[in-house]
Structures are given as C-alpha cells and as structure tokens.
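Report on the structure
Single-letter residue listing:
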Amino acid sequence: QGKGLFATRNIRKGETVFVERPVVSSQFLWNALYNYRACDHCLRALETAEENAQRLLGKSSLVLPHPEQCSIRKDLHQQCPRCQVTYCSAECRQAALEQYHQVLCLGPSRDDPTHPLNKLQEAWRNMHYPPETSSIMLMARMVATIKQAKDKEWWIKAFSQFCSKTANEEEEIVHKLLGDKFKGQLELLRLLFTEALYDEYLSRWFTPEGFRSLFALVGTNGQGIGTSSLSQWVHACDALDLPVLQREELDAFIDQLYKDIEKESGEFLNCEGSGLYVLQSCCNHSCIPNAETSFPENNFLLHLTALEDIEAGEEICISYLDCCQRERSRHSRNKILRENYLFTCSCPKCLAQADDADVTSDEEEEGEGETDDAELEDEMTDV
C-alpha cells in the first residue's frame, strides 16, 4: 500500500483535501482509435460538450441547451508542428515540449508502422484491450522526461518515491502480470521498449528485472484519469440558478440524454489515461474509504475530497477498488488487491468479515468456468 497520509487539521465532509498535478501522465492508446480526443499533455477533452454528446449518442443533429456552460475553447487548441499531436493550449504544448515531447515526437514518421515507438504502441494495443488502467506510454514518458532533463537525478528520485516492488516476499504475492504466463509478452514489450527508448544512463530500467520493476511501478501506482467536456457541462448546468419549471425540464433532458448514451455507447464515455501522483500514491486503501479522487476541472488535476468528516491525526484512506468491486465478498476484494497491489487488506470492513467463508462473490463465480486461455487473453486488460 502507500506510505500513509494523515490529516493535519479537521476536514469536513465534501471538503477538498488537496489538489495535485501528476509527476507524469499519459492518455490511453485506445483513445485515438475510439475518436476520444484529449489534450496530449493534460488530458483535457478537446471536443465541446455538444460534440461529445453527439458522438456518444451517434446523433449529429443533437443540440445541447445552455452551450455557454461548456468551457472548451477550440480557438486555443494547438498542434505540434512536426507530428500534429494536439494540445488544448500553447501552455500545454510548451510544457510537453520542455518535459518529454522532444524525445517522443514522431515527426513525419507518425504513420510509419516500422518506427520503434509505433511498434511498441501497436504491441501494447494487441496485448492490452480496453478498458486500459495503465499504459506503456506512461513508462515511455518517464524515460523521455529523464532523457530530456538537465537534472536527471532529481527526476530519478521523484520516480523512486513510488513503490516498484514486483512481489511481496513476506506474503509470497507476485504481481499478477509478472507471473510465468506473461513472460513472453513482457519480454516482447521490453525488447520493443529498449529499441525505441534505450538510454545508457537508465540502463537498469531496460534489464529484465528493471523493466519488471518499472512495469510494477505504473501498475501499482498509476491513477486512472477520466475527463469529459459533457460531464463538466452537466456540473455547470447543475449550478445554474433557474426557475423551477426550467430546472425540471433541464434535469429531465440530462437524465434522458445519459440513458440514451448508455444504450448507444455503454460504459466508456470519458477520455481516459493514467498518471503518477506523489500525494495520492501515499494514501492507503480501505474498503470503506473516507476520501475519493476526482477530476472536476476536465484535466489531469486530481482533487481528493472527503467523503465524511476527518479529524486531525486521522488517516486519510481511499479505495483502490471501484464501487462494484467494493460490494463483493472479502475474499473477492482481497483477491483483486493481492494480484494488483500486493497486499491483503485489514481495514475495519475486512476485519469485521474475517470469519466469512473464503468464497468469491456471485459475480466472480459466474466467470470461473472460463479457460486459462481466455483469462490469459483478458487479464492484460486489468492492470
């Protein structure tokens, strides 16, 4: 788990505990193929709320009320002049250029399938189907950041703050993607990663064990980032001071819109990526968390918000599981936590259920008849 984060003052329910910028972040490689367009640096959605809703609904004639509540400024968007990667602003383009993009810019080779970086990205797509929860490009940006940095040691220390254990020797737990059945995939990724990005200064990251540690670092610490111009528009509309009838009409419109989008597009509504956050990575897990992360600014700025009153000196805990996973049995929850985060949970909820039978939840039992081959194909999607 993390190092532990404790409240230094009394925090009220609903209060923002902190806002944090990632050390490094990257959008998922599947975004572009699904036409989910986000700023290549801060992951801000590039579509207007109306364009976002039209695409998700498959209905180009849709018109959203209150368009002034959409914050997307297309007039500010800029592209890299060499590779045409798109940013939400000149500031993001410059920040990317200064931190990592000089190394990763494909220039005229953007569409060349034989370019080492393109080969690496295609191999990842073939191994890791949506929904992604980590990305090989997060590791690539770590390497590129250090290659471009004047103070390389500062960045190496920044990345070394994150846990990169591939196994928990005390409990004999190995990260699920570093087991024997994934050896071939990991070795292929390592060879392609080396071909695309090798740097003598970071040579230990390119060895088999070093690459496994790097992979474990992003798998264990990577925080999912979800941005949506439509979601931000909805929140802005919620805050409008409207007459009762207009409020009811707008709420009914939004409710129906989301129902129609769910039928058309399913669950994958956001532009998505992952990032490494120093403070967030210090937060330990609880199956009954007292804080949660969100991205209300439609970019990579992480907001940690209190779910209940937290007293000074009390530990701030988040959940590493999603809402559905938290409702599963203690055995099921800990199976996920052991495989992905290398620990067994001892939060109050798990301790209270310690005497429960070690059986998985009904949801998991339904899928336990799958063959090992099917699991091998699917599990790469879970890190």
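Please refer to the structure higher up on the page.
Quick notes on the rules
Residues numbered from 1 in each chain as written. Predicted model: local features only at pLDDT ≥ 70, side-chain atom pairs only at ≥ 80, totals over all residues. Heavy atoms only, no water. Helix = DSSP H or I, 4+ residues; strand = E, 2+ residues; numbered from the N terminus. Expected span 1.5 Å × (residues − 1). Buried < 20%, exposed > 50% of the residue type's maximum accessible area, 1.4 Å probe, protein only. Phe/Tyr/Trp six-rings, centres within 6.5 Å; stacked < 30°, edge-to-face > 60°. Contact = heavy atoms within 4.5 Å. Polar contact = N/O pair within 3.5 Å; in protein donor to acceptor, adjacent residues only side chain to side chain.

It is worth spelling out helix H5 (residues 136-148) at this point. Relative to the 18 Å expected for 13 residues at 1.5 Å per residue, H5 spans 19 Å between its end C-alpha atoms, a close match to the ideal helical length. With 12 of its 13 residues buried, H5 lies for the most part within the structure. By the burial criterion, the buried members of H5 are Ile136, Met137, Leu138, Met139, Ala140, Arg141, Met142, Val143, Ala144, Thr145, Ile146 and Gln148.

All told, the structure shown has 10 aromatic pairs when counted by the stated rule. Here the aromatic rings of phenylalanine 193 and phenylalanine 211 are separated by 5.4 Å at their centres, their planes lie at 55°, and the arrangement is tilted. Taken together, the residues phenylalanine 193 in helix H7 (residues 183-197) and phenylalanine 211 in helix H8 (residues 208-221) connect sequence positions 18 residues apart. Of the two residues examined, phenylalanine 193 and phenylalanine 211, each falls in the buried class. Here the aromatic residues Trp124, Phe193, Tyr198, Phe206, Phe211 and Phe215 are joined through ring pairs into a cluster of three or more.

With that settled, the discussion passes to unusual backbone geometry. Its identity is not glycine, yet leucine 43 carries a phi of approximately 65°, on the positive side. When you line up the elements, leucine 43 lands in the loop between helix H1 (30-33) and helix H2 (49-57). The phi torsion at histidine 66 lies on the positive side, around 50°, for a residue other than glycine. With respect to the element layout, histidine 66 can be found in the loop between H2 and strand S3 (78-79).

Another point: the environment of glutamine 102. Looking at the secondary structure, you find glutamine 102 in helix H3 (residues 90-104). Taking C-alpha positions, glutamine 102 is 7.5 Å from glutamine 148, a pair spaced 46 residues apart along the chain. The residues touching glutamine 102, leaving out its near neighbours within four places in the chain, are Leu97 and Gln148. Within the local environment of glutamine 102, its side chain forms a polar contact with the backbone oxygen of leucine 97, the two atoms lying 3.0 Å apart.

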